[in-house]
Amino acid sequence: MFVRLAEQHRQFVKDLVMSLQALATVLERRGYLASCYTCGGQMNSASFMVSLGDNHLIRFLVSDYGITWTEMHDDRELMKLEGAEAINQLQELANTVKNEMCAQTQETVATR
């Protein structure tokens, strides 16, 4: 049972790292300063960062040891979340980007 759970956890972390890489790419294309760094080729950890402007920075770390979301403004920590709460906050960021993209697409279609 524990071997199976360990493998599921590794796969979860790998999936999360791949999602962070994709989100960083989308954010960069949208004009945000974003990055996602991984160590090694096993995709077992990542450091994701995005600047939302006006000295507003989001840092999301994922590894076998845990998951954290840190939001900073003017080099001061505003919020730090871990585990499921951190992932929920990441989902909110992804939803915001998705909604912005949908709104822009609708504007483009409406002006044609």
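The structure under discussion appears in the preceding block.
Let us look at the structure shown here. What you see is a predicted model; the values in this text were computed from it and never measured.

## Considerations on the overall build of the chain
A tally of regular secondary structure across the chain gives two helices and five strands. Mapped in sequence order, the helices and strands of the chain form the string α-β-β-β-β-β-α. Residue burial in the chain is summarised as follows: out of 112 residues, 29% are buried. Here the analysis covers contacts within the chain between residues at least 6 apart in sequence; of these, 32% occur between residues at least 24 apart.

## A few points about the nonpolar core
In this structure, Leu20, Phe48, Phe60, Val62, Trp69 and Leu90 are the most contacted members of the largest nonpolar core, which totals 23 residues. Contributions of two or more residues to this core are made by helix 1 (2–29), strand 1 (33–38), strand 2 (46–53), strand 3 (56–63), strand 4 (66–73) and helix 2 (83–111). Here the element with the most residues in this core is helix 1; it accounts for seven residues. Contact partners of Leu20, with chain neighbours within four places excluded, come to Cys36, Ala46, Phe48, Phe60, Val62 and Leu90.

Criteria and thresholds
Residues numbered from 1 in each chain as written. Predicted model: local features only at pLDDT ≥ 70, side-chain atom pairs only at ≥ 80, totals over all residues. Heavy atoms only, no water. Helix = DSSP H or I, 4+ residues; strand = E, 2+ residues; numbered from the N terminus. Buried < 20%, exposed > 50% of the residue type's maximum accessible area, 1.4 Å probe, protein only. Contact = heavy atoms within 4.5 Å. Core = buried A, V, L, I, M, F, W, Y, C linked by side-chain atoms within 4.5 Å.

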